[in-house]
Each structure stands twice: as structure tokens, then as C-alpha cells.
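# Breakdown of the fold
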Amino acid sequence: MNHNSIHWFRKGLRLHDNPALLAAMKDCAELYPIFILDPWFPKNMQVSVNRWRFLVEALKDLDENLKKINSRLFVVRGKPAEVFPVLFKKWKVTRLTFEVDTEPYSKQRDAEVEKMAAEHSVQVIQKVSNTLYDIDRIIAENNGKAPLTYVRLQTVLAPLGSPKRPAQAPTKNDMKECSTPWKSSYDGKYSIPTLEELGQDPEKLGPHLYPGGETEALSRLEIYMKRTAWVCNFQKPETEPNSLTPSTTVLSPYMKFGCLSARTFWWKLADVYHGRKHSHPPVSLHGQLLWREFFYTAGVGVPNFNKMEGNPVCVQVDWDNNKEHLKAWSEGRTGYPFIDAIMTQLRTEGWIHHLARHAVACFLTRGDLWISWEEGQKVFEELLLDADWSLNAGNWQWLSASAFFHQFFRVYSPVAFGKKTDKNGEYIKKYLPFLKKFPAEYIYEPWKAPRSLQERAGCIIGKDYPKPIVEHEVVRKKNIQRMKAAYARRSGSVDVGDKDLEGSKKKGVKRNAAKEQSVADLLKKAKFKKD
DNA sequence: CAGCTGGTTGGACCG
DNA sequence: ACGGTCCAACCAGCT
């Protein structure tokens, strides 16, 4: 019993599968579980009031669960670098534990804290528990590079075997030998923040669909795991982006904050799969967890992963800078009801289906508006409850055909795509109720409805709801050509202009481009030799 | 090595 | 209603 430990919660807001917390409790006299309200976050990113609520609820739940084992949560205000020296002295701390975090800011922050802890003779213990595997290990196994395809990731993971089994949550019994000192003077100082303290307006909250916290996460998990047939048959591409209630688990916000452990989720799924025929990665639920791993690995292994410039896997594209179009997209005013309904759901509820993300991301970038994926990334980062740095950056690059996915001629139609699973546009009517009187024939394209119908529906297009800000069929073709040119520039080929691509000349141009490319390659090689 | 295969989830059109 | 074919042709990884 020779340690006074701080366990530092950042993500990983849970008691289950928390090896760093268990390490803090070992041979421990006094345990101080803390969360730091780090001013870096609100300064460097917009966070919606919905996500602040989720965090506050997750912290409350954590505090309650800690109290059940005779401890509590201390919420500390300030910069980690300034907070720790004070706490180390005040609580006579000898050990600091936390979960490994692979995001760039976190890595830098944690390195500084680790150094400072050493200066105060505080032992630091870090444990991997946010991801299924140790991300650095995956990269090492792949010769120091992040796998750029899913198949490659699977190949690299195969010899590593299944992810570790989750650690048990600590119980009262584990706290028998140690205590969390409790002074009344602590209560105000280390209390869970309110939305008001965080500068948020509770009036702006959306419906309370996904309460934050570990307790909610585990009960949500249990509910879904009971649906064994559904779990075993799960194929992500067959779930619906525009159902009126989510067609997938919506466990992602809980994963983002670590209210649910990926490994706990993995092994619960394995239990359900056991002895049953079931779907497989990439489309299965296990497959979804591996996608998370895939993008986490890329986020660590690829420099400047959340940017285009300086990002070696990202195609360099001459995106336009159209502030009006960006604003229209982010506020759900593009004139395409399917797109605007999705953006409305995102803004009000904080969660949209994965394929809905595809539709709006393609629309913003290579499909229609030709606006940088970094702009979309910022909007998602603000509004999504599950906004996760690596996943957000990776998926935006995927959808904009900037990295991982390259079949840029496959463009989602803002009209046709939604119809596949919602012919009558019920989803659109839910989120854009002013369109609810349009018949199915026009619900995806209300501008095509006759004026008399628009009047009867009580919504004049161009007045009560915007006309489409771009003509999809026109910009789509133009954008595919721009994408093709961006790819051609990347491979060292000549800039293939629109003019050269007309009709019968196509084949000739292709041959020329190939020839140019090989010349460029020869030049590159020659240069290399000289060096 | 040059060529091949496969790639989480496209769209339009045809029968 | 739904499966097949074409569209135009990308890249990463493998052999």
C-alpha cells in the first residue's frame, strides 16, 4: 500500500475494461480518479451543445459508478501541464495512470505530462484500451507503414490473433485497501460542469436520443446483443441510411468517448457468433470494429492525416472555395431534400447513418460542390456525437476519393440514392416537414413539381425552400473530369484537360497519357541515379 | 516486372 | 421487383 495514484480519464470514460485504472488501484493507499477540462479543446474545435451534453452525462455516470465502489470523480479545470504539478504536491502522488491515446494533440500532451511526472518522481503507467490492438504494433508488423487497404490490415492482424479479452470492472472489494479522500471543500471545486459553465446554451439542445455514459452504453449493447439473428446477419451496406429510427446500433458515440470498450464489444459479438453462421468482415459488426482500427492505424502512420497538404496518401485536389455553397450544405439549404434532411438530422440529433454520411460527403466534395473535404471534416467534427479524429479524417478522404477509395466516377446521386430504401421520402418529410405535402413523385426533386402543386403543398420552391444550388447531372460530369485531372497530376502525367477528352479522341489521349507517364517515370529514375 | 485482382455499400438501363 | 451489364477505368497489393 505504498502508492498515491491519480488515474486520468480522457477518453475511456468507463470502469469496465480499464486496465490503466486497475493499475492505479494496485498497491494503492489513495486513489484520485480525475478528468481534466482542458481549455485546448474548445479553443481548437467547435463542439456542438449536443456533444457537450453527452460528455457531461458521461462524466456524471462515471462519478456515480465510481461512488458505487467508494470512490469519486474529480473534474479539474485547467491545462494539464499546469494542473498536474499542483495535484502531485497536494495529493502526494507517486503514480499516474492513463489510457494510451494516439491522436496528435494527445500524444504531444501526454509526452509533456510524462516528462513532468518524471521530474516529480511520479511513476507513469499507460495502457492500451481504446483500440483492439496496440496501433504501434500493427504499424511495426507492417514494416513501419500503416496498411492502406482493409485486406492488408487483415493480413497483418492474422498472426496477432484475436484482440485481448477485456479487463473486469473494479468492485468495492478492489477498493478495500485504498480510499479516495473526500473533503467537503472538494465538492464545488471538482464538480461535474454544467452546460452553462461550459458556455453552452441548453435551449439549443436537440432531442435527447442518446444519453451519454457507460451505463447507457452497456445497456444499449445488451439490447442489441440479444438480437442474435440480427447480429449474425448484419451486413453494413444493407442497412438503411434513411430509416425513421436508426438501422444500426448507434454505439459509435459511446465508442468515441470510451463509454464502451471496443474489446468488450468485440468479445460480446464473438459470444453471439459462437456456434452460429454469421456475416464476416468487412461488412459484419466485427468488421465495423476493424474499420475503426484501420483508420486509427492510418491516423498514427500517415503524417498530416487530417489535412490534404503534406499528407502523402491524399490526392492533391484543386478544391473550390465557395463560402455560400459550404454554408448552404452545412445548414441544409442545398435544395436537394435528401441532402438537406440528412444535414438537418445531423445538426439536431448529432448522429446520421454511415451511408447518409457518404451521400452528403460525396455531395460536398467530388460529387457536386467541389469543396475541400477538410471543410466537411470540420462540420462533422462539430456536430457528430461520435466525431472521432482518425475516423472522421479517414472517412472524409475515402468519400472524396482522396485516399483509400479511388473509383471517383462512382458518384452518389442526391436524388436516386435515397429512393432505394425510402421511395416515398418519409425520412425527408420527418426532417423537412415543410415538404411533407409533396407527393412521392416530387419529394426528392420538388423543383420539378408544377407551380400549382407547390402552392397546394404550401411550399414554393425558390421562396420557401431553395432551388438546387447546383445542377447535379451537369456538375457531376465536370467534377469527374477534374478528379481525373487531379489523379493524372499525381501520377506525374500531363494535365488532361476537358477539351482533349471529347468523343473519339479518348483512346488516343489515354495512350498519350500513358506514354507521358512512363517518360516521367524514366526522368524520376534518372534523377534518382544521379543523386 | 507488368499484369492481374479486388476494392464495405454507385447509377442507368435493360429485360 | 430485381439481377445483370455497362459505364470508364481509379489504386494498392500481390504474384
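The following paragraphs examine the structure supplied in this document. Only a predicted model underlies this, so the values are computations on that prediction, with no experimental measurement involved.

### Looking at unusual backbone geometry
Note the cis peptide between P281 and P282, where omega equals 5°. Tracing the chain through its elements places P282 in the loop between α12 (262–273) and α13 (285–301). Unlike most non-glycine residues, N70 shows phi in positive territory, near 70°. The residue N70 is located in the loop between α3 (49–68) and β3 (74–77) in this model. Backbone geometry at W370 places phi at a positive 55°, although glycine is not the residue there. Along the chain, the position of W370 falls in the loop between α16 (354–367) and α17 (373–383).

### Overview of the protein's contact with DNA strand C
In the vicinity of DNA strand C, the residues found are L148, T149, R152, H406, Q407, F408, K484, Y487 and R490. For DNA strand C, the fraction of protein-proximal atoms (within 4 Å) that sit in sugar or phosphate groups is 89%. Within the backbone of L148, one N or O atom sits 3.2 Å away from a phosphate oxygen of DNA strand C. Broken down by element, the surface near DNA strand C gets its largest block of residues, three residues, from helix α23 (residues 472–490).

### A word on the environment of K477
By the element assignment, K477 lies in helix α23. Distance from K477 to V411, taken between C-alpha atoms, is 9.6 Å for residues 66 residues apart in sequence.

### With respect to the protein's contact with DNA strand B
Taken together, 18 residues form the shell around DNA strand B, and within it P237, H354, H358, V411 and S413 come nearest. Sugar plus phosphate, as a fraction of atoms of DNA strand B within 4 Å of the protein: 39%. Contacts to DNA strand B include H358, whose side-chain N or O atom sits 3.3 Å from a base oxygen. Within the backbone of S413, a nitrogen or oxygen atom sits 2.8 Å from a phosphate oxygen of DNA strand B. Elements with a minimum of two residues in the surface near DNA strand B: α13, α16 and α19 (416–419). A per-element tally of the surface near DNA strand B places α16 first, with three residues. Taken together, the residues of the surface near DNA strand B break down into 10 nonpolar, five polar and three charged.

### As for the sheet that holds strand β4 (residues 95–99)
Pairing is parallel across the open sheet formed by five strands, whose spatial order is β3-β2-β1-β4-β5. The open sheet terminates on both sides in strands that have one partner only, identified here as β3 and β5 (123–127). The mean angle between the axes of side-by-side strands here comes to 30°, regardless of whether they run parallel or antiparallel. One ladder, built from four bridges, connects strand β2 (residues 28–37) with β3; its direction is parallel. The residue of β3 that forms the bridge with F35 is V75.

### A closer look at the side chain of S372
Looking at the element boundaries, S372 is found in the loop between α16 and α17. At a separation of 3.0 Å, a polar atom in the side chain of S372 contacts the main-chain amide nitrogen of E374. Other than its neighbours up to four places away in sequence, S372 contacts W319, D320, L364 and T365.

### A few points about the pattern of salt bridges
Inspection of the entire model under this criterion finds 23 salt bridges. For E197, the salt bridge goes to R77, with nearest N and O atoms at 2.8 Å. One end of the pair, E197, is in the loop between α8 (184–189) and α9 (214–226); the other, R77, is in strand β3, with 120 residues separating them in the sequence. When its relative accessible area of 31% is taken as the criterion, R77 is described as partly exposed. For the salt bridge of R333 with E331, the shortest nitrogen-to-oxygen distance reads 2.7 Å. We classify E331 as partly exposed; its relative accessible area is 36%. Bridged by salt links that share partners, the residues K11, D101, E103 and D388 form one connected network.

Basis of the calculations
Residues numbered from 1 in each chain as written. Chains lettered and ligands numbered in written order. Predicted model: local features only at pLDDT ≥ 70, side-chain atom pairs only at ≥ 80, totals over all residues. Heavy atoms only, no water. Helix = DSSP H or I, 4+ residues; strand = E, 2+ residues; numbered from the N terminus. Near = heavy atom within 4 Å. Polar contact = N/O pair within 3.5 Å; in protein donor to acceptor, adjacent residues only side chain to side chain. Nonpolar A, V, L, I, M, F, W, Y, C, P; charged D, E, K, R; others polar. Pairing = 2+ DSSP bridges. Axes fitted to C-alpha atoms, helices over the stretch in contact; angles between N-to-C directions. Contact = heavy atoms within 4.5 Å. Salt bridge = Lys/Arg side-chain N within 4 Å of Asp/Glu carboxyl O. Buried < 20%, exposed > 50% of the residue type's maximum accessible area, 1.4 Å probe, protein only.

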